[in-house]
Amino acid sequence: MAAAGSAVGLGNIWGFPTQAASNGGAAFVVVYLILAFLLAYPVLMAEFTLGRHAHGNMIAALAKVSRNGTQRGLGTLVGIVGIFTASLILSFYAIVSGWMIGFGAAYPLEAAGASATATWLSEFGLLRNLTLMLIFMILTMAVVVGGVEKGIERWSKRLMPALIVTLMALSIYVLTLEGAGKGLAVYLVPDITKIWSTELIFKAMGAAFFSLSLGVGTMLIYGSYVSDDEHLPSLGAQVALVDVGIAVLAGFLILPAMYVAAERGVVIFNEAGGLLSEDTLIFVVLPALFDSMNQAGTALAVAFFGLMSIAALTSSISMLEVPVAFLVERFQWSRFKAAVIATLIVTAMSSVIVLNFDLLFGLVITVSTRYSQPILGLALCLYAGWVWRRDILLKELAKNELETEPTLFMRWWPWYVRFVCPTIILAIVARTIF
Ligand code: TRP
């Protein structure tokens with residue numbers, strides 16, 4: 001549940017649908033789905049198995065499977081880049097999550113007559129962005145201080161179904177509105193000629209890695225908390241299915257909503273035909289939608305932004321957990337001290353982004369999610385596939401096999417992370433750079 005809570009977040013509702021809308025619609029969806037199952041799921045399994053085997057953070061896990069000093073040294077480097085990437089991702093994630101909280105609070109305030117405050121909370125502004133980001137970081141820290149298991153698992157279990165139901169209700173409503181059909185067609189009818197686009201494939205890979213929280217050690221740490229009685233391959237499959245399912249469901253809301261808004265005169269495309277201000281668009285389109293629904297609109301808006309804030313929180317804690325677990329395990333710091341210091345550092349990074357928004361926001365997203373995450377994923381595959389001794393890996397995988405015969409997964413996966421995953425990642429990154 002905690003891993004599913006980490007996977008399901010802004011990537012599903014804010015990231016995936018808007019990127020699909022601006023990168024060829026259904027063509028992006030097709031490539032994303034292929035990469036999610038054929039590339040991201042096996043990498044997720046690499047993180048889970050490495051984590052459970054080592055019962056520790058990424059640096060400790062890579063050291064444990066290493067067979068010489070060079071491998072251990074490189075593993076430490078990979079782990080450090082992972083910690084840095086996780087912090088970088090949290091630093092932009094907290095900004096967008098803050099907007100979710102802002103909108104969630106703006107609707108009841110508006111209804112209560114405090115419309116000046118409501119407007120301040122929902123309009124782009126330096127002080128508002130900083131304040132909301134800070135609130136979100138404090139919330140994240142508070143949960144991480146309390147520990148991962150109990151609170152988060154319980155929250156995820158109850159709120160995930162609520163999120164799914166709200167998304168479904170909203171998309172059904174949107175599909176009855178004028179213009180929705182156009183959005184639906186863009187989402188569902190692929191333009192085959194675009195599927196081979198280098199840019200599209202590269203972005204879809206980043207989206208898949210982001211959505212499943214891969215590369216930085218988040219899932220590895222969660223794997224380290226999983227008991228030996230659990231069957232890892234089905235655990236991973238459940239996480240991937242829930243995550244991809246919610247992303248696809250969100251697409252049925254966001255894309256039609258964009259075209260409904262366009263039908264009503266909201267400008268969503270620039271002259272080149274690309275999507276206008278991709279990162280903030282849903283914060284224009286969705287409120288316009290809620291406003292068109294009168295009283296029910298306010299209730300749905302509160303439900304939607306409230307649930308999104310919580311989905312963001314169950315993701316952000318899994319990012320902060322990366323530096324915190326490292327500090328606790330490596331330096332024996334208390335959880336409290338580690339969480340406070342990591343939060344201070346990430347908040348400082350995030351403030352720099354807010355203060356230089358136009359320059360840094362998009363750049364940080366590209367570097368951390370489209371380059372860093374897949375390349376770290378590649379490194380993890382190399383450690384799981386080449387460095388780790390095969391017999392020990394197989395024993396780790398077989399820990400909970402009831403059958404004595406090796407399963408399909410056990411026969412294919414070690415070979416697959418060894419050859420196929422690295423090749424796909426390298427090919428996509430190389431094609432993009434060159
Ligand atoms: N997967 C989350 C989402 O879709 C974001 C996330 C959580 C994440 N932990 C991560 C992304 C670690 C990268 C790395 O919103």
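In case you missed it, the structure is sitting above this.
Residues numbered from 1 in each chain as written. Predicted model: local features only at pLDDT ≥ 70, side-chain atom pairs only at ≥ 80, totals over all residues. Heavy atoms only, no water.

**Description of helix H3 (residues 26-54)**
Applicable threshold: Under the scheme used here, helices are H or I runs from DSSP no shorter than 4 residues and strands are E runs no shorter than 2 residues, and both carry numbers assigned from the N terminus. Residue count minus one, scaled by 1.5 Å, sets the expected span of a helix. Whether a residue is buried, partly exposed or exposed follows from its accessible area with a 1.4 Å probe, protein chains only, as a fraction of its type maximum: under 20%, in between, or over 50%, in that order.
Taking 1.5 Å of rise per residue, the 29 residues of H3 would be expected to cover 42 Å, and the 40 Å separating its terminal C-alpha atoms lies within 8% of that figure. Across the 29 residues of H3, 24 count as buried, placing the element largely inside the fold. Positive phi appears at His55, one or two residues downstream of H3, with a value of about 50°.

**Some thoughts on the environment of Phe28**
The condition is simple: By definition, residues are in contact when any of their heavy atoms lie within 4.5 Å.
Its place among the elements puts Phe28 in helix H3. Among the residues examined, Phe28 registers a relative accessible area of 0% and is labelled buried. Residues Phe28 and Gly15, 13 residues apart in the sequence, show an inter-C-alpha distance of 12 Å. With sequence-adjacent residues up to four places away left out, Phe28 is seen in contact with Phe16, Gln19, Ala20, Asn23, Leu200, Lys203, Ala204 and Ala207.

**Focus on the packing of aromatic side chains**
Rules: Side-chain rings of Phe, Tyr and Trp (the six-membered ring for Trp) are treated as a pair once their centres are within 6.5 Å; stacked means planes under 30 degrees apart, edge-to-face means over 60, and tilted covers the remaining angles. Either the NZ atom of lysine or the CZ atom of arginine qualifies as a charge over a ring when it sits within 6 Å of the ring centre and within 35 degrees of the ring normal.
Here the structure, examined in full by the defined rule, presents 28 aromatic pairs. Ring centres of Tyr41 and Phe409 lie 6.4 Å apart, and the angle between their planes is 65°; this geometry places the pair in the edge-to-face category. With a gap of 368 residues between them, Tyr41 in helix H3 and Phe409 in helix H18 (residues 408-433) connect regions that are remote in the sequence. Centre to centre, the rings of Phe409 and Trp413 are 5.6 Å apart; their planes meet at 10°, and the pair counts as stacked. On the criterion of helical spacing, the pair formed by Phe409 and Trp413 is a turn pair, its members being four residues apart in helix H18. Owing to a relative accessible area of 18%, Phe409 belongs among the buried residues under this scheme. Looking at Lys337, its charged tip hangs above the ring of Trp333, at a distance of 4.3 Å from the centre. Here the basic side chain of Arg418 rests over the ring of Trp386, its NZ or CZ set 4.0 Å away from the ring centre.

**Looking at the site of the ligand**
What counts is decided by this rule: Definition of nearness: a residue and a molecule or strand are near each other if at least one heavy atom of the residue lies within 4 Å of the molecule or strand. Definition of a polar contact: a pair of N or O atoms within 3.5 Å, with one able to donate and the other able to accept a hydrogen when the atoms are protein atoms, and with sequence-neighbouring residues admitted only if both atoms are side-chain atoms. Computed with the Shrake-Rupley method and a 1.4 Å probe, the accessible areas treat only the protein chains shown as cover for residues.
Of all residues adjacent to the ligand, which total 17 residues, the nearest are Ala7, Gly11, Tyr93, Phe210 and Ser213. The contact in question runs from an oxygen atom of the ligand to an N or O atom on the backbone of Leu10, over 3.0 Å. Contacts to the ligand include Phe210, whose backbone N or O atom sits 2.8 Å from a nitrogen atom. Here the ligand loses 100% of its free accessible area of 360 Å² to cover by the protein chains. Counting only elements with at least two residues in the shell around the ligand, the list comes to helix H1 (2-7), helix H2 (10-22), helix H5 (69-111), helix H10 (198-211) and helix H14 (294-331).

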